[in-house]
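Take a look at the letters that make up each chain.
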Amino acid sequence: MALLQQLKSQFVCQMIIWYVFLVSGLIINLLQICTLPLWLVSKQLARRINIRLGYCISSQMVAALEWWSGTECTLYTDPKSYPLYGNENAIVVLNHSHEIDFLCGWTFCDRFGVLGSSKVLAKKELSYVPVIGWMWYFLEIVFCKRKWEEDRKTVAQSLQNLRDYPENYWFLLFCEGTRFTPKKHQISMQVAESKGLPKLKYHLLPRTKGFWITVQNLRGTVAAVYDSTLNFRDNEAPNLLGILNGRKYHADLYVRRIPLELIPEDEAECAAWLHKLYQEKDSFQEHYTQTGRFPGPIVSPPQRPWALINWLFWACLLLYPLGLLLAQLISTASIMTILASVALCSAVSVGVRWMIGQTEIDRSSSYGNKEVSSKQQLKTPDLLRAASLHRYLYASCVNTHLAGLVQQVQPCFKAQCSLNLMLYSRSSR
Ligand SMILES: CC/C=C\C/C=C\C/C=C\C/C=C\C/C=C\C/C=C\CCC(=O)SCCNC(=O)CCNC(=O)[C@H](O)C(C)(C)COP(=O)(O)OP(=O)(O)OC[C@H]1O[C@@H](n2cnc3c(N)ncnc32)[C@H](O)[C@@H]1OP(=O)(O)O
Ligand SMILES: CCCCCCCCCCCCCCCCCC(=O)OC[C@@H](O)COP(=O)(O)O
């Protein structure tokens, strides 16, 4: 066992995994380009082909997690909801604190048969990542610049395109918008305070616009929101390099299925609903910290062999020509070819390191890192501030089960909030 573990951490093994991933990925990207003319003839067929091509890439990372590192992924959920998973379209809301959270998400996608078709609202920068980012263009992943004024149109349009998608998919939303760091947490809690929202211990304050626009544009085609909360046992801090080194982690995922009809249509109410959801998620994390488990029963889906079979297929296909090439290099070695090969390998290693860097929290973007000055808060137009306060008042009432009453008096509430805030803003100028 220890020998196997040592073998897994050998540089040469990791080189093989990388070689197979990169070369097969680029071949698949090329095949995806070849499907372009087909989009004009049969869009649905082109989509179905791309789902399978996409699977060939993303399942390699799932294979690395499940078969190479042996990471265990446990699902806590209601057994009544379980049969629906994978058999309907869903919006997945997931916390964003771990470097491999997306990969654990992919594992569950694979187990429920929606890996090739799974979607995400991703930051635009990821679309430039070779192999994965390029693959995403053809899978109609929705990209955003995290600048609402620019995103509101493009994101809505991309979501509308998914309305006639031919296979079931899960649409993943990291509503926190960026990965958790202590600094981002501190700043987002200042924002929460300025909006009169309760503080969260384990999450950043969720950004509500992406959630609202997704629900609004996918209503009628998506059946439910899967509220998903992920954590790792024994305070593990998993990362991609650990996976490639064959290190085993233990992921626990708690999923609640919430029918889409229960989510308010109005933007302010939808935002309040999401804030309340994150307060609940925070309490689940607290429960996990205290007890080492999530509430409810464990109903884990079985591991499937397809990710491993796919990897073995590409390995057989690509390792033989690599062997031939190496043999030829050694037999006809000239100084020039050796130097050129070393230069090529070094360039590839730098590229690979950059790709891994995309998953590392230490290299996270500065989004959500900038202090929001009180001056900026005061600059917010009166009505927007009023809407924020109204949202909070509504959320507080939802918390105290007074939602029905609020809905009745809502127009008066809105007017009263607007008036109060206009008076407040004028007096503070
Ligand atoms: C059964 C099993 C179930 C589940 C299995 C689990 C998962 C599997 C599912 C699918 C897998 C599929 C794919 C996974 C593969 C890979 C994924 C990889 C990565 C991609 C992830 C990303 O790229 S995350 C980053 C991009 N995404 C997002 O940002 C989404 C969330 N963001 C939003 O919704 C934003 O609103 C926005 C992007 C639409 C617009 O952003 P913008 O900043 O322009 O506007 P905002 O409205 O958000 O900001 C202004 C308001 O925010 C307030 N503010 C200011 N500072 C802060 C702060 N620090 N924190 C919080 N709020 C802040 C400000 O006051 C404004 O307030 P308003 O009152 O005016 O709204
Ligand atoms: C067998 C396979 C082994 C090979 C391993 C391949 C590794 C390839 C690495 C490419 C990774 C590209 C997919 C990246 C997904 C990263 C998800 C992520 O977490 O994005 C961060 C954003 O949400 C928020 O960004 P920040 O604002 O925090 O910054």
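If you're wondering where the values come from, they're calculated on a predicted model, not measured in any experiment.

(A) The overall build of the protein, seen in detail. In terms of helices and strands, the protein carries 16 helices and seven strands. When the 429 residues of the protein are sorted by exposure, 48% land in the buried category. In the protein, the share of contacts with a sequence separation of at least 24, taken over all contacts with a separation of at least 6, comes to 79%.

(B) Highlighting the packing of helix α7 (residues 148-161) against helix α9 (residues 209-218). Following both chains from N to C, one finds α7 and α9 inclined at 30°, their axes separated by 9 Å at the closest point. Relative to α9, the element α7 lies roughly parallel. Considering the relative orientation of α7 and α9, their crossing is right-handed. Counted together, W148, R152, V155, A156, L159 and Q160 of α7 and K209, I213, T214, N217 and L218 of α9 form the full contact between these two elements. Here the residues of the contact of α7 with α9 are counted per class, giving six nonpolar, three polar and two charged.

(C) The arrangement of the pattern of salt bridges in detail. Tallied over the full model, the rule gives 19 salt bridges. A salt bridge links E140 to R47, with the nearest nitrogen and oxygen atoms 2.9 Å apart. Of this pair, E140 sits in the loop between α6 (132-138) and β4 (142-144) while R47 sits in helix α4 (residues 43-68), and the two are 93 residues apart along the sequence. Note on E140: relative accessible area 15%, which makes it buried.

(D) Region of interest: the confidence of the model for the protein. Of the residues in the protein, 86% reach a pLDDT of 70 or more, and the chain-wide mean stands at 89. Per-residue pLDDT stays below 50 along residues 378-387; that stretch engages in 16 contacts with residues further than four places along the chain or on separate chains. Predicted confidence is poor over residues 392-429, with pLDDT under 50, and the contacts of this stretch with residues over four places away or in other chains come to 43 contacts. For this predicted complex, the interface score ipTM comes out at 0.96, while the overall pTM is 0.88.

(E) Representation of the site of ligand 2 in the model. Ligand 2 sits among 20 residues. The nearest are H96, T178, R179, S364 and S365. K123 is positioned such that a nitrogen or oxygen atom in its side chain is 3.0 Å from an oxygen atom of ligand 2. For ligand 2, whose free accessible area comes to 770 Å², the fraction covered by protein is 96%. Mapped by element, the contributors of at least two residues to the shell around ligand 2 are α2 (11-34), α4 and α10 (240-244). Of the residues assigned to the shell around ligand 2, the class counts are 11 nonpolar, six polar and three charged.

(F) Structural context of the UniProt feature "domain: Phospholipid/glycerol acyltransferase" (unreviewed entry) in the protein. In the UniProt entry, the feature "domain: Phospholipid/glycerol acyltransferase" (unreviewed entry) is given for residues 90-212. Along residues 90-212 one finds 40% helix and 14% strand; the C-alpha atoms at either end are 14 Å apart.

(G) A look at the state of the cysteines. According to the stated counting rule, one finds zero disulfides in the structure shown. Counting only cysteine sulfurs, C104 is the nearest neighbor of C109, a cysteine outside any disulfide, at a range of 11 Å. Exposure remark for C109: the relative accessible area of 6% places this residue in the buried category. You can see C144 has no disulfide; the closest cysteine sulfur is in C175, sitting 11 Å from it. For C144, a relative accessible area of 11% gives the class buried.

(H) Local environment of the site of ligand 1. Near ligand 1, the surroundings consist of 37 residues, among which K123, W148, K195, G210 and Y367 are the closest. Contacts to ligand 1 include K147, whose backbone N or O atom sits 3.5 Å from an oxygen atom. Listed by contribution, the elements that provide at least two residues to the shell around ligand 1 are α5 (101-111), β3 (119-123), β5 (170-173), α8 (182-194), α9, β7 (250-259) and α15 (382-399). With five residues, the top contributor of residues to the shell around ligand 1 is β3. Here the residues of the shell around ligand 1 are counted per class, giving 22 nonpolar, seven polar and eight charged.

(I) α9, seen in detail. Along α9, eight of the 10 residues are buried, which leaves the element largely enclosed by surrounding structure. G210, F211, W212, I213, T214, V215, N217 and L218 are the residues of α9 that are buried. Along its buried surface, α9 packs onto β2 (90-94), β3, α7, β5, β6 (224-232) and α11 (267-291). One or two positions beyond α9, positive phi appears at G220, with a value near 100°.

(J) View of the nonpolar core. Judged by nonpolar contacts, the single largest core of 61 residues is most densely connected at F21, I100, W106, I132, W136, W170 and Y226. With nine residues, the single largest contributor to this core is α4. One finds L162, M189, V222 and W273 within the second-largest nonpolar core, a separate group that totals 36 residues.

(K) Structural view of the sheet that holds β7. Taken in spatial order, the seven strands line up as β1-β7-β6-β2-β5-β3-β4 in an open sheet, and their pairing is mixed. Both edges of this open sheet fall to β1 (72-77) and β4, since each of them pairs with a single strand only. In this sheet, neighbouring strand axes are inclined to one another by 25° on average, regardless of whether the strands run parallel or antiparallel. Bridge count between β2 and β5: four bridges; the pairing is parallel. Residue V93 lies in a different strand from β5, and its bridge partner there is L173.

Cut-offs applied
- Residues numbered from 1 in each chain as written.
- Chains lettered and ligands numbered in written order.
- Predicted model: local features only at pLDDT ≥ 70, side-chain atom pairs only at ≥ 80, totals over all residues.
- Heavy atoms only, no water.
- Helix = DSSP H or I, 4+ residues; strand = E, 2+ residues; numbered from the N terminus.
- Buried < 20%, exposed > 50% of the residue type's maximum accessible area, 1.4 Å probe, protein only.
- Contact = heavy atoms within 4.5 Å.
- Axes fitted to C-alpha atoms, helices over the stretch in contact; angles between N-to-C directions.
- Parallel < 35°, antiparallel > 145°, perpendicular 65-115°, else oblique.
- Left-handed = near helix turned anticlockwise from the far one by under 90°.
- Nonpolar A, V, L, I, M, F, W, Y, C, P; charged D, E, K, R; others polar.
- Salt bridge = Lys/Arg side-chain N within 4 Å of Asp/Glu carboxyl O.
- pLDDT = per-residue confidence, 0-100.
- Near = heavy atom within 4 Å.
- Polar contact = N/O pair within 3.5 Å; in protein donor to acceptor, adjacent residues only side chain to side chain.
- Areas by Shrake-Rupley, 256 points an atom, 1.4 Å probe, with all protein chains shown as cover.
- UniProt positions renumbered as here; feature names shortened; annotations may be inferred.
- Disulfide = S-S within 2.5 Å.
- Core = buried A, V, L, I, M, F, W, Y, C linked by side-chain atoms within 4.5 Å.
- Pairing = 2+ DSSP bridges.

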